[in-house]
Amino acid sequence: MGWAIALHGGAGDIPRSLPPERRQPREAALRHSLQVGVAAIKAGRSPLDVVELVVRELEDHPHFNAGRGSVLTSGGTVEMEACIMDGNTKRCGAVSGLTTVKNAISLARLVMEKTPHIYLGFDGAEAFARDQGVETIESSHFITPENIERLKQAKEANRVQIDYTEPLTKVEEAPPSNGDSQLGTVGCVAVDGKGNLATATSTGGLVNKMVGRIGDTPIIGAGTYANKLCAVSATGKGEAIIQATVGRDVAALMEYKGLSLKEAAKYVIEECAPSRTAGLVAVSATGDVAMPFNTVGMFRACATEDGYTEVAIWDDETCG
Ligand code: ASP
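Residues numbered from 1 in each chain as written. Predicted model: local features only at pLDDT ≥ 70, side-chain atom pairs only at ≥ 80, totals over all residues. Heavy atoms only, no water.

Looking only at helices and strands, the protein features eight helices and 12 strands. In terms of C-alpha radius of gyration, the protein reaches 18 Å, essentially the compact-globule figure of 20 Å for 320 residues. Expressed as lengths along the three principal axes of its C-alpha atoms, the size of the protein is roughly 50 × 45 × 35 Å. Here the protein holds 320 residues, and the buried ones make up 61% of them. In the protein, 67% of the contacts between residues at least 6 apart in sequence involve partners at least 24 apart. In the structure as shown, the protein presents an accessible area of about 12,100 Å², 52% of it carried by carbon and sulfur atoms. (Helix = DSSP H or I, 4+ residues; strand = E, 2+ residues; numbered from the N terminus. Rg over C-alpha atoms; globule rule 2.2 N^0.38 Å. Buried < 20%, exposed > 50% of the residue type's maximum accessible area, 1.4 Å probe, protein only. Contact = heavy atoms within 4.5 Å. Areas by Shrake-Rupley, 256 points an atom, 1.4 Å probe, with all protein chains shown as cover.)

Encoded structure:
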């Protein structure tokens, strides 16, 4: 029993040849966000506060596919989405189709706390953001040159893709990476020393997604889920994660089959989600951590009360 935090910055076919100048800023952002979360949990902030805080950090980082770095729809626009959930109470909030909200995760929390609903999307969600006075910025703030280039490439190849240059099904034949294209959806899970759990996930979705497409991130039980046993945040190909009900299945295997967090998370990623589509970070009420993925890599980090810390991308390597 003890506190634990895990976070991710996206799963996918991250090439092992990722050059240092593109790898290091992301590792630094993971490390920094982890430190922010650890300091908050040590200061006695609730897991819900911690996951919101960490995801806000990651949303503000242009190298991840959420907030500032959100990838573009086929129309060249941003449509951000996010979800937050408290494990003990199962209270949750979700948003989709945001075009001007700086930190989608905080709006999701307001949906949870200030409305009788769970999920708001598009114009209604934007109007709610204005009612609540959350920070908004011109859409152009979110449209980075890297994401314009990424959309161009996806359109040329006529594909909808996870936020990596290589398509999931054809990585071998894929054109070489244009370099600065490895970024990802962000998420964070946390548990305090009393077993209170929370999860938060935020994303721009898939490159060249249809306008109006909703992925797994804001779907409770798919990309984001927490109950009294565990908190889960998933990343990868949203349609596959929804079909596999990734978040809820991890919890259900623990609840109904008595599996440990690590066993449940491994089973869902290896047996339920199709190969090369998904990864997740999860913590249990007893302070265990699991971070499995069936893609080439997943940007991730974790820390536990007993002093364990990890920042990693691929499966056989910890980034010091
Ligand atoms: N799961 C996200 C989506 O499909 C994408 C990602 O995790 O990178 O919207």
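From this point, things continue past the structure.
On to the pattern of salt bridges. A full pass over the atoms with the stated rule returns 15 salt bridges. In this structure, glutamate 255 engages arginine 248 in a salt bridge whose closest nitrogen and oxygen atoms are separated by 3.3 Å. A relative accessible area of 22% means that arginine 248 is categorised as partly exposed. It is possible to trace a salt-bridge network through shared partners that takes in Arg45, Asp49, Glu52, Arg109 and Glu113. (Salt bridge = Lys/Arg side-chain N within 4 Å of Asp/Glu carboxyl O.)

Below, the discussion takes up the site of the ligand. Taken together, nine residues are adjacent to the ligand, and Thr185, Arg213, Asp216, Thr235 and Gly236 come closest. Between the ligand and threonine 185 there is a distance of 2.9 Å, counted from an oxygen atom to a side-chain nitrogen or oxygen. Protein chains bury 100% of the 270 Å² of accessible surface belonging to the ligand in isolation. Applying the majority rule of atoms within 2 Å of the grid points places the ligand in the largest cavity. Split by residue class, the shell around the ligand holds one nonpolar, five polar and three charged. (Near = heavy atom within 4 Å. Polar contact = N/O pair within 3.5 Å; in protein donor to acceptor, adjacent residues only side chain to side chain. 1 Å grid on protein atoms, 1.4 Å probe; cavity = no way out; pocket = protein on both sides within 12 Å on 5 of 7 lines; lining within 4 Å. Sits in = over half its atoms within 2 Å of the grid points. Nonpolar A, V, L, I, M, F, W, Y, C, P; charged D, E, K, R; others polar.)

Our focus in this paragraph is the packing of aromatic side chains. This model, assessed by the stated rule, comprises one aromatic pair. When the ring of phenylalanine 64 is compared with that of phenylalanine 299, the centres are 6.5 Å apart and the planes differ by 80°; the resulting orientation is edge-to-face. Of this pair, phenylalanine 64 sits in the loop between helix H2 (47–59) and strand S2 (80–86) while phenylalanine 299 is found in strand S11 (residues 297–304), placing the two residues 235 residues apart along the sequence. When its relative accessible area of 0% is taken as the criterion, phenylalanine 299 is described as buried. (Phe/Tyr/Trp six-rings, centres within 6.5 Å; stacked < 30°, edge-to-face > 60°.)

Moving on, we come to the pairing of strand S6 (residues 197–203). Taken residue by residue, a regular strand's side chains alternate between the two faces of the sheet. With seven of seven residues buried, S6 lies mostly within the body of the structure. The side-chain alternation of S6 yields two buried faces, one formed by Leu197, Thr199, Thr201 and Thr203 and the other by Ala198, Ala200 and Ser202. By the bridge criterion, six bridges tie S2 to S6 in an arrangement that is antiparallel. Looking at the pairing, methionine 85 lines up with threonine 199 of S6. Linkage of strand S5 (residues 186–191) to S6, two consecutive antiparallel strands, is achieved through a turn of five residues, within which glycine 195 is found at a positive phi near 90°. (Pairing = 2+ DSSP bridges.)

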